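Understanding the architecture of this molecule
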Amino acid sequence: MPIHDRIDDVAGNAPGFGYAHAVTTSGRLAFVSGQVALDENGQLVGQDNLAAQTRQALRNLENVLKQLGATWADVVRFNWYVADTSELPIVREIRDEFIRPVLGDRPNPASTLIQVAGLFRPECLIEVDAVVAMP
């Protein structure tokens, strides 16, 4: 596996809240475009429902990972874009539904979460992209 280390304990820094401060890797990387809650027909899943939209966005990301021959264990970094950070616990809970079975007790990938004024479609509540260390 090209991921060498997930660094979650950094002297002088507060512990990461569900993420690694850094992930080291070697080999090829894939940069996955932002995924939103559109189904295979381009229809929004979960109107006004962050949990449903997060699940669909992560399903879409998982489909891309499979196409790459990768799994959640190969994700080095997430970038999350949300319309409302007050609902962050929902995002974390759904994220963990997907990645905890694969990562076990290893730290989550490096991560950034940004509250945005809007996404490419106003009804989208979340978008997530990823960097993947190709297996």
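Our subject is the structure that appears above.
This write-up is about the structure you can find in this document. Quantities reported herein were computed from a predicted structural model and do not represent experimental measurements. (Residues numbered from 1 in each chain as written. Predicted model: local features only at pLDDT ≥ 70, side-chain atom pairs only at ≥ 80, totals over all residues. Heavy atoms only, no water.)

Things to note about the packing of aromatic side chains
- In this structure the tally under the stated criterion is three aromatic pairs.
- Plain terms: the ring middles of W72 and F98 are 5.9 Å apart, the flat faces sit at 75° to each other, and that makes the pair edge-to-face. Pair noted here: W72 is in the loop between α1 (50–68) and β4 (75–82) and F98 is in helix α2 (residues 88–103), with a separation of 26 residues, a long-range link. Taken individually, W72 and F98 each receive the classification buried, so the pair is uniform in this respect.
- On the numbers, 5.1 Å between centres and 45° between planes, the contact of F78 with W80 is tilted.
- Judged by its relative accessible area of 3%, W80 is buried. (Phe/Tyr/Trp six-rings, centres within 6.5 Å; stacked < 30°, edge-to-face > 60°. Helix = DSSP H or I, 4+ residues; strand = E, 2+ residues; numbered from the N terminus. Buried < 20%, exposed > 50% of the residue type's maximum accessible area, 1.4 Å probe, protein only.)

A word on the pattern of salt bridges
- By the definition in use, this model includes three salt bridges.
- As a salt-bridge pair, R55 and E97 come within 2.9 Å of each other at their nearest N and O atoms. You can see R55 sitting in helix α1 and its partner E97 sitting in helix α2, a full 42 residues away along the chain.
- Among the residues examined, R55 registers a relative accessible area of 25% and is labelled partly exposed.
- Between R121 and E123 there is a salt bridge, and its shortest N-O distance comes to 2.8 Å.
- A residue is classified by how much of its surface remains accessible, and R121, at 24% relative accessible area, is partly exposed. (Salt bridge = Lys/Arg side-chain N within 4 Å of Asp/Glu carboxyl O.)

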